[in-house]
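An overview of the molecular structure
Listed below are the residues making up each chain.
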Amino acid sequence: MMENERIELVRRLSEMGYIKTEKVKQAMLKVPREEFLTELNRPYAYVDQPLPIGEGQTISAPHMVAMICEILSLEEGMKVLEIGTGFGYNAAVVAEIIGKKGHLYSIERISSLAETAKENLKRTGYSENITVILGDGTKGYPEEAPFDRIYGTASAPKLPEPLKDQLKIGGILLIPVGEHRYFQDLICISRKSEDEYEKKSIGGVAFVPMIGDHGWPEKKI
Ligand code: SAM
C-alpha cells in the first residue's frame, strides 16, 4: 500500500523535473519515508510536503530531498557531511546513493532528534555508512574533513565559513542562506582550488533556522 504511494510520488517528482537521474530515483524508491515520521504523520508519508517531527522541527518535503541529491551530484564512495539530521530521512537517501563505500556524517543539535534518527537509521539498515553526531553543525566536522559534499537542511543568516574550509577541492557545498525567517536563497558553492570558490544561487527556499556559533543565535529564534 505505502509502496504504491511511494512509486506514485517518485513518478510525479520525476515528471515535475525534481528527480533527474536514475540513482536519485532508485534511492527514493527504496527508502521508506514512513519510517522517518511520527506515528501520527505516517499516513502522510507520500504527500509532497514537510511534516512536523517534534521540537519545532520538520522532515523536509520529498521534492526538496530530490533537489538536494540532484544538485550535489552524489557519487558512490563519497564522504559527505549533512547539517541537520532531523529524523534521518534525507541522510538515508544520500547513504543509499553513496553506497557502502561512502560515508555520511550527519550533525544534529537536538539530542532527542539525533537519538530517534539513530534508531530510524538502524531499523532501516542505514547505520553502517551513516554516523549521527550531536553538536553544532555550523562549525562543520573538522575530525573528518575534508568532504566531497556538504549540505545544510537548515538555513543560516550568512554562509558559515568553517564549512567552506572543510570542502575538498572539486567539492560542492549546498546551503540555504538568508536573513528572512520564511524565505532564503539556496546557495551552491564549488571549491575550484585552495582559495577559489564559485558561488551560484539556485533559488528561493524556506527552511528552519540553523542555530549555532556560525548560524542564528538561539535567543533570537
Ligand atoms: N534532514 C532532515 C530530513 O531528512 O528531513 C531535515 C531536518 S530539519 C528541516 C533541520 C534540522 O536542522 C532540525 O532537526 C534542526 O534541529 C537542525 N539544526 C538546526 N541548527 C543546527 C546546527 N547548528 N547543527 C546541527 N543541526 C541543526
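Keep in mind that this is a model prediction, so the values were computed, not measured. (Residues numbered from 1 in each chain as written. Predicted model: local features only at pLDDT ≥ 70, side-chain atom pairs only at ≥ 80, totals over all residues. Heavy atoms only, no water.)

**Topic: the sheet that holds strand S9 (residues 196-205)**
- Taken in spatial order, the 7 strands line up as S5-S4-S3-S6-S7-S8-S9 in an open sheet, and their pairing is mixed. Each having just a single partner strand, strand S5 (130-134) and S9 make up the two edges of the open sheet. When the angles between neighbouring strand axes are averaged without regard to direction, this sheet yields 15°.
- Bridge count for strand S6 (residues 147-152) against strand S7 (residues 167-180) is 4 bridges, and the pairing is parallel. Residue pairing in the sheet places phenylalanine 147 in a bridge with leucine 167 of S7.
- Lying on the sheet, helix H5 (residues 111-123) is in contact with strand S4 (103-108) and S5; it crosses S5 at an angle near 165°. (Pairing = 2+ DSSP bridges. Helix = DSSP H or I, 4+ residues; strand = E, 2+ residues; numbered from the N terminus. Axes fitted to C-alpha atoms, helices over the stretch in contact; angles between N-to-C directions. Contact = heavy atoms within 4.5 Å.)

**Focus: helix H2 (residues 22-30)**
- Inspection of H2 places Val24, Ala27 and Met28 among the buried residues, and these make up the whole buried set. An end-on view of H2 places all buried positions within 95° of arc, on one side of the element.
- For H2, the elements touching its buried residues are helix H1 (2-15), helix H3 (62-72) and helix H4 (89-98). (Buried < 20%, exposed > 50% of the residue type's maximum accessible area, 1.4 Å probe, protein only. Arc of directions from axis to C-beta.)

**Let's talk about the pairing of S5**
- Bridging between S4 and S5 involves 5 bridges; their strand directions are parallel. Within the sheet, the bridge partner assigned to tyrosine 105 lies in S5 and is threonine 131.

**With respect to the packing of aromatic side chains**
- Within this structure, the stated rule accounts for 3 aromatic pairs.
- Between phenylalanine 36 and tyrosine 89, the aromatic rings sit 5.9 Å apart at their centres with planes inclined by 65°, giving edge-to-face as the arrangement. Of the two residues, phenylalanine 36 sits in the loop between H2 and strand S1 (51-54) while tyrosine 89 sits in helix H4, which places them 53 residues apart along the sequence. Take phenylalanine 36 and tyrosine 89: they sit in the same class, and that class is buried. (Phe/Tyr/Trp six-rings, centres within 6.5 Å; stacked < 30°, edge-to-face > 60°.)

**A closer look at the nonpolar core**
- Core analysis: the biggest nonpolar cluster contains 49 residues, and Met28 and Val93 have the highest contact counts within it.
- A total of 8 residues in this core trace back to one element, the largest contributor, which is H4.
- Residues in contact with methionine 28, not counting those within four places in the same chain, are Arg6, Val10, Leu13, Ile19, Pro62, Ala66, Tyr89 and Val93.
- One finds Ile107, Leu163, Leu167 and Leu173 within the second-largest nonpolar core, a separate group that totals 19 residues. (Core = buried A, V, L, I, M, F, W, Y, C linked by side-chain atoms within 4.5 Å.)

Everything listed is a geometric property; what it means functionally is a separate question.
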